[in-house]
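Chain residues, written in single-letter form:
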Amino acid sequence: MLPPKAGDQKLNGESLNAEAAGARVLVTDLDGTLLGGRPHDRRRLRETLERHPEIVVVFATGRSLESVQALLRDDALVPFPRWIIGDVGASVVDATRMTRLEGLEERLRAGWPGAEIVRGALRRFPQLVYQDVPQDGRCSFYLAPDGLTDEVKTAVKELGCSWSYASGRYFDVLPCRAGKGQAVRLLASMLGWPREAMLVAGDSLNDLSLFRLGTHGVVVANAEPALAARVPASALVDASDLPGAAAITQAMERRGWLDRRSVVVGYHRPPVHWRDGRWLAPSSPNGVLPTLRASLADEALDAVWAAAHVGETRAPRPPSSATGGLRLSLLPVSEDRWAGYFHRVCKETLWPALVAQPHLIQDRTGDWPEYEKVNAAFADHISSLARHGATVWLHDYNLWLVPGILKMQRPDVTIGLFHHTPFPPPDVFRRIPAAERLRESLAMLDWAGFHTQDCADHFRRLLADTTASPPRTGVHPLGIDHQAVAALARTRRPQREDADAQLVLSVERLDYAKAPVHKIHALATLLQQNPGLRERLRFRLICPPPATGIRAYDATRAELEQAITAVNDRWSTTAWQPVDYIPHNLDFTEIIDHYLAADIFWVASLADGMNLTAQEYVTARAATARPGVLVLSRHAGIAQHLAGAAVLTDPHSPADLVRALRTALTMTTEQRRRHITHLSALMRFPAPAAWARQVIAAIRASAV
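None of these values were measured; they are calculated from a predicted model. (Residues numbered from 1 in each chain as written. Predicted model: local features only at pLDDT ≥ 70, side-chain atom pairs only at ≥ 80, totals over all residues. Heavy atoms only, no water.)

Asker: Which residues make up the pairing of strand E5 (residues 83–86), and what values go with them?
Answerer: In E5, alternate side chains face the same way, and those of Trp83 and Ile85 on one face and Ile84 and Gly86 on the other are all buried. Relative to E5, strand E4 (residues 55–60) runs parallel, the two sharing three bridges. Its bridge partner lying in E5, alanine 60 is registered against isoleucine 85. Bridge count between E5 and strand E6 (residues 91–94): four bridges; the pairing is antiparallel. Residue pairing across strands places tryptophan 83 opposite aspartate 94, the latter belonging to E6. Turn length for the E5-E6 hairpin, with the two strands adjacent in sequence and antiparallel, is four residues, and the turn residue aspartate 87 shows positive phi of about 55°. (Buried < 20%, exposed > 50% of the residue type's maximum accessible area, 1.4 Å probe, protein only. Helix = DSSP H or I, 4+ residues; strand = E, 2+ residues; numbered from the N terminus. Pairing = 2+ DSSP bridges.)

Here's what the structure looks like:
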């Protein structure tokens, strides 16, 4: 066998041999095979492949690349392939980049005289009717069975070509070395796929060469009889009693490809996001996404992360390099459904209750079915991934209906749910329009986790009368990766642009629950009461916007920008303005630089989870021996773990916000040094990976 060209060895600098590690390879024909059978079976196959990104999908088809691209664009039930072998084996395409593997194609097409010469030489056979469809590196005709004469075969041989005939109709003249089987053989050699890791599927005679590769195979029930008659007898090949897509799913199940996992994590977002044609991971080492991404990649845990992928355009499966080795299984959700589920129900109905703003709750009755459907889809998705007796770890209010649905389907699994958000008191929870339905579902949990004891108490009180054996609860405050933050902080040397002015910093997403407008008003009041602070302090607000499509914060944004403009107009001088507003995301390294530059870090949330930015600020300052002050809302979860060591404030009291900020501004350098040292000593929360292991252990223990 000829070796692959050097140019085919790497694409965009990535070694193609990386795909061989642990890969399972499905090589399937399209028409009659992958596209065959009922829509329900096709949908199930697509969703199965999306749940199993380790299965490499290869299309081996008579279609041209142009035809396959149109199919991927127009048929939502078609799974996205990694590789496309088209034109009955004359074309090989990297489907991720839609680029041809020219080295392989040259080998497959060696000696090809060209379509015009072939058509000219065969024009004397009237039974050959040229197919006027896109084709490349081959020449295709319609031909009745009785027209396939020895004369036709001889004429093709004299051209130095081979031929393929399928379904009693399709006659393809090919380069002598081309064919589906030969193309797969060359590609497998390049990528290092072992034969035992491959499964081929087909329904017509032009798939016969696939079944001669010595791999696992399945002949679908609707195959033409001639294929079944000529496929070599082998224990590796099934003759399925199911048509099309259903036969492929059945074959994968029989070979143990669709194995289930011991731990299934359900979170509405994946740990990576698709942007600008590539998968990107969060830049920060802290927060739920990087925490789970790092801890669940441990093979010994046998875990998979189930998350939503939003949008009509299907992105290619994330490579293991993007997920850090974590197995990720994506549930496709349309943009319209996501808007009803997340943008409206989650953010406009449920979120206000969680952050103690019940007056903002909107009754999204018309969108509630979207919340139900997404939760039901997640329950089905998780069930398909969980082996018998598995541990299911759900996250946050976005999946509150999953426990009730999943427990009915799978009473064998143990279900835990961790709330990274606050959990409201029962009287506030009951103001949610669908409160009773949600309460019934939460009662089906085996375990519920929280950052603080008061949230755990609210949950227990809510479910006190719902069941004889309510869910167990646990308090597990989440920490940050202190070592990573400290190490990065020690490498930075930020510059202060106005060393004479104290810098007050807030880092938070745009959300009314973070009380950004309250802080601007407090700053304006402080300047009014103490005009001597003009040019002696600056408030820097790093406040990136929420995800596109969320309207719940539009009023907050408008009010915030109006308040910033007013205070800057009132107090600015030629060289100074009191508020430095940064309304976009920054790289984590830049955030660290701002922590190191800031004298005071200001958290004034109306309600909050742990608030990891406060931990990051204290860790960065302590690691570099910088004094500093943490002004912290009493309603942030971390406040309950710091024993009053921070300068605490109540954002519901404008006067108290002003008082706390004035206190911080007047602290001496030595007071600030002791302050940071004391806070740093109290922040001994488990590191993210250890925290995740503790939570999984607690969920498992609840089943005993």
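Asker: Explain the side chain of asparagine 398 to me, and be specific about the residues and the numbers.
Answerer: Looking at where asparagine 398 falls in the secondary structure, it is placed in the loop between strand E20 (386–395) and helix H15 (402–409). We classify asparagine 398 as buried; its relative accessible area is 1%. Side-chain polar atoms of asparagine 398 contact the side chain of histidine 268, separated by 3.4 Å. Aside from chain neighbours lying at most four places away, what touches asparagine 398 is His268, Tyr341, Phe342, Cys346, Tyr371 and Asn375. (Polar contact = N/O pair within 3.5 Å; in protein donor to acceptor, adjacent residues only side chain to side chain. Contact = heavy atoms within 4.5 Å.)

Asker: Residues and numbers for the environment of glycine 479, please.
Answerer: Residue placement: glycine 479 occurs in the loop between strand E23 (472–475) and helix H19 (482–490). Separated by 133 residues in the primary sequence, glycine 479 and cysteine 346 have C-alpha atoms spaced 25 Å apart. For glycine 479, the contacting residues outside a window of four places in its chain are Leu612, Gln615, Phe685, Pro686 and Pro688.

Asker: Before we move on, could you go through the sheet that holds strand E27 (residues 600–603) and cite the residues and values that matter?
Answerer: Within a beta sheet, neighbouring strands are joined by backbone hydrogen bonds and run either parallel or antiparallel to one another. Ordered in space as E26-E25-E24-E27-E28-E29, the six strands form an open sheet in which the pairing is parallel. Two strands bound the open sheet, and with one partner strand each, they are strand E26 (579–582) and strand E29 (647–649). Geometrically, the sheet is characterised by an average inter-axis angle of 20° between neighbouring strands, direction not taken into account. Direction of pairing for strand E24 (residues 502–507) relative to E27: parallel, over a ladder of two bridges. Along E27, the bridge assignment pairs valine 504 with isoleucine 600. Against the sheet, helix H22 (residues 588–597) touches E24, strand E25 (537–542), E26 and E27, its axis set at about 140° to E24. Contacts from helix H23 (residues 612–623) reach E24, E27 and strand E28 (629–633) within the one sheet, and its direction differs from that of E27 by about 170°. (Axes fitted to C-alpha atoms, helices over the stretch in contact; angles between N-to-C directions.)

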